[in-house]
Amino acid sequence: MRENDKHFYKNLFVLVLPIAFQNLMSALVSASDAMMLGMVNQDSLSAVSLAAQVQFVLSLFWAALTIGTTILAAQYWGKNDRLSVEKILAIVLKYSFVISFLFFAAAALCPRVLMHIFTNDETLIALGAEYLRIVSWSYLLAGISQIYLCIMRNSGRTLKSTVFGSVSMVLNIFLNGILIFGLLGFPKLGISGAAVATVTARAAELILAMWENRRDDVVRIRWSLLKESHAVLRKDFVKYTTPVMANELVWGCGFTMFTVIMGHLGSDAVAANSIAGIVKNLISCLCIGIGSGSGIIVGNELGSGNLVRAREYGGRLCRLSLVMGAVSGVILLAFSPWIMRYAANLSPQAQAYLQGMLFMCAYYLIAKSANMTVVAGIFCAGGDTKFGFLCDTVTMWIIIVPVGLLAAFVFKLPVLAVYFLLNLDEFVKLPAVYRHYKKYQWVRNLTREETVLSGYAETEIPLQK
């Protein structure tokens, strides 16, 4: 095997597998919520599924911030500039805390208003509001921990980042069982127990991150850097992150509209859509790992000036993403009979919906895997962030959302027909994504010299690898 090949597959193994495992653990938390609350009753399952859309929207902001962080941090880490990575961390933490606080305030103070956005069912609104009041505290905690874990992944500590995140997720699942059903002498809290478990797990995640932050030999939060503006780096961060933020919101709000549409088609449609979404997230973890890891792998090469190698790695990652998408779809189909047996507590109508939805999710994963790797990973690694925003704006808001609204509320098509149309978004994007990829506008080194960053020469802190 060529040295170049060894380097690629080593990076792939070190980055993709831990990120995939962490995403798997996160998806398992959602699965445990659904499974345990489904055992309580279908309304609890549907209510939490809808209430979770608030955190989903917040996670779009976190996703944009972490992608923006990776764009710059991966390149500066590839350049051996640890001080600039710490400055990036300080910049992003301030943005993240403000955004997380706003979502916390909205969920804690007016949860019923938020639930009214997603459903007109009074029972689901009341249950969802109860959940939101408690779980809102987790938004503040995760707003810090998620950014720190992202920096860990971009500075050679991917495995430890995965361990911290996974410990939090395992704790969440364990506490779900205890607090939802009242085990080991604890009170039976039902839907509130799921919220308390989430807050406790996020607190544990933040404690682990802050314990790691005590070390002096790693990229860490430095309070002195939090007080400074870092004007040049902040300008670069805003320049590359703003299109990503717009892209995430355009795509995410469009995706939330899918939930809104399904939420007005009845409790059976909501329950089936909830389980189908959880299954899709569980099966797609390796695809997500490739998408997230590709931004770091390609970004490191671009930042170190290896533009030819970055372009070669991009091609390999594109092909790998298609294969992993197809494999994930086959796995989903193979597990479908078992999933249907688990869903025996659903009504017969909801089960029928779920069976059709699982089939559609299987082929959806192929296009989703490719687009995630190319648009959110490879393009962003080189600062090519505007294309994703334009592509999702057209796809979601000019094509898919209007088609879904017409199908559901004007033509009143069957639930599965509406679901099919809503899941065409990734396929609509593929031709445009391929054409843009072949232009290679993403093959760029974005780093600046230290004297430009600070206005004067600074002593660079040596990297610890």
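Check the entry above for the structure.
These numbers come from a predicted model, not from an experiment. Note that residues are indexed from 1 along each chain, following the sequence as it is written. Restriction of local features to residues with pLDDT of at least 70 applies here, the model being predicted, together with a cutoff of 80 or more for giving and counting side-chain atom pairs; totals for whole chains, interfaces and linings are based on all residues. Calculated side-chain values reflect all of the structure's heavy atoms, with hydrogen atoms and water omitted.

Visitor: How do you make sense of the overall build of the protein when you look at a structure like this?
Guide: Each helix and strand in the protein was counted, giving 17 helices and 0 strands. Relative to the 2.2 N^0.38 estimate, which gives 23 Å for 465 residues, the radius of gyration of the protein is 22 Å and therefore close to what a compact globule would have. Along the longest, intermediate and shortest principal axes, the C-alpha atoms of the protein span 65 × 50 × 40 Å. Under the scheme applied here, a residue whose accessible area is under 20% of the maximum for its type counts as buried, over 50% as exposed, and between as partly exposed, the area being computed with a 1.4 Å probe on protein chains only. The 465 residues of the protein split such that 57% are buried. In the protein, of all internal contacts separated by at least 6 residues, the share reaching a separation of at least 24 is 84%. Accessible surface, the protein: about 19,000 Å² in total, of which carbon and sulfur atoms supply 67%. Secondary structure elements are taken from DSSP: a helix is a run of H or I of four residues or more, a strand is a run of E of two residues or more, and numbering for both begins at the N terminus. Only C-alpha atoms enter the radius of gyration, while the globule expectation follows 2.2 Å times N to the 0.38, with N the number of residues. For this analysis, residues touch if any pair of their heavy atoms sits within 4.5 Å. Values of accessible area rely on a 1.4 Å probe in the Shrake-Rupley scheme; residue burial ignores everything except the protein chains shown.

Visitor: Just checking my understanding: could you explain the nonpolar core for this structure?
Guide: Soluble globular proteins tend to bury their nonpolar side chains together. Within this scheme, the nonpolar core is defined by two criteria: the residues are buried Ala, Val, Leu, Ile, Met, Phe, Trp, Tyr or Cys, and they are joined through side-chain atoms within 4.5 Å. Grouped together as the largest cluster of nonpolar side chains are 63 residues, with contacts concentrated most on Phe103, Tyr131, Leu132 and Tyr139. Among the elements that line this core, the one with the most residues is helix α2 (residues 42–78), at 17 residues. Sequence-distant contacts of Leu132, defined by excluding residues within four places in its chain, comprise Ala51, Val54, Ala107, Pro111, Leu114, Met115 and Tyr139. In terms of nonpolar packing, the next biggest core, distinct from the first, is built from 40 residues, Ala272, Cys361, Ala407 and Ala408 among them.

Visitor: I would appreciate a short explanation of the packing of aromatic side chains in the present structure.
Guide: The relative placement of two aromatic rings is captured by the distance of their centres and the angle of their planes. Note on aromatic contacts: the rings of Phe and Tyr and the six-membered ring of Trp form a pair at centre separations within 6.5 Å, being stacked when their planes are under 30 degrees apart, edge-to-face when over 60 apart, and tilted otherwise. Considering all chains together, one arrives at 16 aromatic pairs under this definition. With a centroid separation of 5.2 Å and 20° between ring planes, the pair formed by Trp251 and Phe255 is classed as stacked. Taken together, the positions of Trp251 and Phe255, both in helix α9 (residues 231–263) and 4 residues apart, correspond to about one turn of that helix. Consider the rings of Tyr437 and Trp442, whose centres lie 5.5 Å apart with planes at 25°: the pair is stacked.

Visitor: Looking at this structure, how should I read the environment of Val40?
Guide: Of note, Val40 is situated in helix α1 (residues 3–40). Measuring from C-alpha to C-alpha, the distance between Val40 and Thr385 comes to 44 Å, with 345 residues separating the pair along the chain. The residues touching Val40, leaving out its near neighbours within four places in the chain, are Ile180 and Phe181.

Visitor: When you look at unusual backbone geometry in this model, what are you seeing that I'm missing?
Guide: Comment: phi is negative for the bulk of residues other than glycine, and the bulk of peptide bonds are trans. Positioned with a positive phi, Asn80 is a non-glycine residue whose angle comes to about 75°. Turning to its location among the elements, Asn80 is positioned in the loop between α2 and α3 (82–109). Asn80 gets classed as partly exposed once you look at its relative accessible area, which sits at 35%. A positive phi is found at Leu184, a non-glycine position, where the angle reads about 55°.

Visitor: Quick question: what am I supposed to make of helix α10 (residues 267–283) here?
Guide: The α-helix winds at 3.6 residues per turn, so residues separated by three or four positions along the chain end up facing the same way. Expected span of a helix: the number of residues minus one, times 1.5 Å. The end-to-end C-alpha distance of α10, which contains 17 residues, comes to 25 Å, matching closely the 24 Å that a straight helix rising 1.5 Å per residue would cover. Along α10, 13 of the 17 residues are buried, which leaves the element largely enclosed by surrounding structure.

Visitor: I'm lost on a positive patch on the surface in this one. Help?
Guide: On the surface, Lys235, Lys239, Lys386 and Arg444 cluster together into a patch of positive charge. For Lys235, the location among the structural elements is in helix α9. Judged by its relative accessible area of 62%, Lys235 is exposed. The patch calculation keeps residues exceeding 30% relative accessible area without a salt bridge and links them within 9 Å when they carry like charges or within 5 Å when they are nonpolar (Val, Leu, Ile, Met, Phe, Trp, Tyr). The working definition used for a salt bridge is a side-chain nitrogen of Lys or Arg within 4 Å of a carboxyl oxygen of Asp or Glu. Positive charge is attributed to Lys and Arg, negative charge to Asp and Glu, and no charge count is given to His or to the chain ends. The atoms used to mark charge sites are NZ of Lys, CZ of Arg, CG of Asp and CD of Glu.

Visitor: Any chance you could explain the pattern of salt bridges here in plain terms?
Guide: Any two side chains of opposite charge can pair, given that their charged atoms come close. Counted by the stated rule, this structure contains 15 salt bridges. Residues Arg202 and Glu205 are paired through a salt bridge, measuring 3.0 Å at the closest nitrogen-oxygen approach. Taken together, the residues Arg202 and Glu205, both in helix α7 (residues 191–212) and 3 residues apart, mark about one turn of the helix. Each member of the pair, Arg202 as well as Glu205, is classed as buried. A salt bridge links Lys368 to Glu426; the shortest N-O distance between them is 3.4 Å.

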